[in-house]
Amino acid sequence: MPYSRYRPAHERVQLPPAEREWPHRRIEHAPLWVPVDLRDGNQALAEPMDPARKRRMFDLFLSMGFKEIEVGYPSASQTDFDFVRHLVEKDLVPDDVTVVVFTAARHDLIERTFESVAGLPRAVVHMYTATAPTWRQVVLGKDRDELRGLITEAGRDVARCADALPGTDVRFEFSPEVFNLTEPDYVLDVCNAMSALWDASPGRPVIHNLPATVEIATPNVYADQIEYMHRHLDRRDGVILSVHPHNDRGTGVACAELALLAGAQRVEGCLFGNGERTGNVDLVTLALNLYAQGVDPMLDLSDIDGIRRTVEHCNRIRVHERHPYGGDLVYTAFSGTHQDAIKKGLAHHARQASELGVPAGQAPWDVPYLPIDPADVGRDYEAVIRVNSQSGKGGAAYMLQTAHGLDLPRRLQIEFSRAVQRATEDSGAEIDAEELWGLFRAEYLDRPGVALGAWHVTEPEPGLHRFTGEFRTGTERVEHTGTGPGPLSALTRALARAGITVDILDFSKHALDRGRDSLAVAYVECRVEGATRWGVGMDASVLTASVLAVLSAVNGGPAGRIS
Ligand SMILES: CC(=O)SCCNC(=O)CCNC(=O)[C@H](O)C(C)(C)COP(=O)(O)OP(=O)(O)OC[C@H]1O[C@@H](n2cnc3c(N)ncnc32)[C@H](O)[C@@H]1OP(=O)(O)O
Ligand SMILES: CC(C)C(=O)C(=O)O
């Protein structure tokens, strides 16, 4: 591959003088978020959104709590123009929300843009022009001064149109497109000219939006560029410094985060990162990254799957399974050691919550492998652990516990995980909760072999139990009696009379739920004819469950013959 055709970023970007504090800062509050899905996202779709989709996306933004929303490029298409008019005429913009409309720096487009917002109480008019050398020379055919002239002339047009619309409080936004490839002194000069022209002040701040239109360098370079502007922009308290990263190198989120450290106050992006080429920066990831640091993201992301469904519907693009926070698989562990750690972590979390006397959803979160509690974004725990051939004992045990209430003893977990391993290696696929339960039943609860007909246990004197029962295999039936200090030892004696030697090594039991008619489950580890194995029994009676568990262990190996 001819890699030498490409130049490293430091040869393409004029770096600003190195003055940086951003590496020592922290992000302590959310920026002003501005979704641009209805404009930048929409212009990247093979099938742009129809009016119904646009409306659905707009309503989603309102429900999530966005306060500034870019709603389109109304001079570029009738659909966009009509959508803005729809918002105006149906009075759909709440009092605490401002819409942004986008335009190129061209007189006819600017006029049409203002036509679209007439009747709105507030609006931001967002004007852009590319400023980087290649765009100046190749696309626009202008030198630095000519382009500065074009931009300021268009800025005057914007101000004139705003004056001619007295009922609408218009604020101004300027984007030097491809900011990140533009000479720092030039872009600073153009932005300062716009601040003066639009009279930027704290009461009516101008937004300077500095895009990484095509990402070309590591995020630290973008951070240096933003900090340079933050330090040197005129009328800084009358300027809202905004960023607009794209994701060509896959580092859009990192660029936005470092830019916030470097002084940015506002971020434009799209939900789940739709947008030109590799997309705009993903606002969902940015917001939840803040959330995971204990910072209020100022957005409601508590129903991430609902948000995702709407975004997928509107964009007609699916969100990848591994997409941060919103993908189907991002709270799921298949691998054994991860599952083991999560299972222990969730149990520890529940204990901590009860010690603190707070609901589990309020207790501090520190569960291995899960950066946030999936429940906070509306996910349940069912998908957290899924089982395939990479899984260990913990995964299957967790699924049996969550789906069926079984609390398997550790050595039984190990024994059962071998059966799971065999099944998943044979199929090469994942095993779901239903199939796992079927496997468990076949392995322990429905084993063929020795069955019991009528049986009973008596206690002729304290501390002495007598078991009498009919043992069956196939058509054979024999009745035997055994006595012992407990019912199970009496059973093993009766089994010995039937020719089957059983020693009980371990025994535990629990109720399956707290209801009055709940089932009991018993687990018993036995040495049967010299081999150690587990049996499981379930019944409404604890004694019957225990007896069935011993028979299950007996039947776990080569079927015992009765005599
Ligand atoms: C990075 C970004 O996302 S920028 C936004 C990009 N979004 C879009 O382009 C979506 C909507 N765009 C459109 O529908 C059309 O491009 C329109 C309606 C805006 C303009 O259409 P046309 O007039 O047919 O022009 P066309 O798109 O072919 O070419 C763009 C022209 O505008 C000029 N231009 C490009 N950007 C700007 C700008 N910011 N300000 C002024 N002129 C510009 C180009 O130099 C070119 O001029 P030329 O025809 O004299 O060479
Ligand atoms: C013009 C700006 C806002 C933009 O969309 C970009 O540079 O990607």
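The shown structure was predicted, so the numbers you read here are calculated from the model rather than taken from an experiment.

Cut-offs and rules
Residues numbered from 1 in each chain as written. Chains lettered and ligands numbered in written order. Predicted model: local features only at pLDDT ≥ 70, side-chain atom pairs only at ≥ 80, totals over all residues. Helix = DSSP H or I, 4+ residues; strand = E, 2+ residues; numbered from the N terminus. Buried ≥ 20, exposed ≤ 12 C-beta atoms within 10 Å, placed from the backbone. Axes fitted to C-alpha atoms, helices over the stretch in contact; angles between N-to-C directions. Parallel < 35°, antiparallel > 145°, perpendicular 65-115°, else oblique. Contact = placed C-beta atoms within 7 Å. Nonpolar A, V, L, I, M, F, W, Y, C, P; charged D, E, K, R; others polar. Near = placed C-beta within 6 Å. Expected span 1.5 Å × (residues − 1). UniProt positions renumbered as here; feature names shortened; annotations may be inferred. Pairing = 2+ DSSP bridges.

1. Section: unusual backbone geometry
- Non-glycine residue Phe-272 carries a positive phi angle of around 60°.
- Phi at Arg-316 takes a positive value of approximately 55°, unusual for a residue other than glycine.
- Structurally, Arg-316 can be placed in the loop between helix H12 (304-315) and helix H13 (336-356).
- For Arg-316, a count of 12 C-beta atoms within 10 Å translates into the label exposed.

2. Overview of the packing of helix H14 (residues 393-404) against helix H15 (residues 410-427)
- Contact pair H14 / H15: the axes reach a minimum separation of 8 Å and the direction vectors enclose 100°. By the criterion of interaxial angle, the relationship of H14 to H15 is roughly perpendicular. On H15, the residues that touch Lys-393, Ala-396 and Ala-397 of H14 are Gln-413, Ile-414, Phe-416, Ser-417 and Val-420.
- Across the contact of H14 with H15, the residue classes break down as 5 nonpolar, 2 polar and 1 charged.

3. Things to note about the site of ligand 2
- Every residue near ligand 2 is listed here: Asp-40, Tyr-128, Ser-175, Glu-177, Asn-209, Pro-211, Thr-213, His-244 and His-246.
- Broken down by secondary-structure element, the contributors of at least two residues to the shell around ligand 2 are strand E5 (169-177) and strand E6 (206-212).
- When the residues that make up the shell around ligand 2 are grouped by side-chain class, the tally is 2 nonpolar, 5 polar and 2 charged.

4. Considerations on H12
- Between its first and last C-alpha atoms H12 spans 16 Å; for 12 residues at 1.5 Å apiece the expected length is 16 Å, and the two agree.
- Arg-316 occupies a position one or two residues after H12 and carries a positive phi of about 55°.

5. A word on the UniProt feature "domain: Pyruvate carboxyltransferase" (unreviewed entry) in the chain
- With numbering matched to this structure, UniProt assigns "domain: Pyruvate carboxyltransferase" (unreviewed entry) to residues 31-305.
- For residues 31-305, helix accounts for 43% and strand for 19%, while the C-alpha atoms at its two ends are 24 Å apart.

6. Brief notes about the sheet that holds strand E11 (residues 476-484)
- Across the sheet, which stays open at both edges, the 3 strands sit in the order E9-E10-E11 with antiparallel pairing between neighbours. The open sheet has two edge strands with one neighbour each: strand E9 (451-461) and E11. Ignoring which end each strand starts from, the neighbouring axes of this sheet average 15° apart.
- Pairing analysis gives 7 bridges linking E9 to strand E10 (residues 464-473), with the strands arranged antiparallel.

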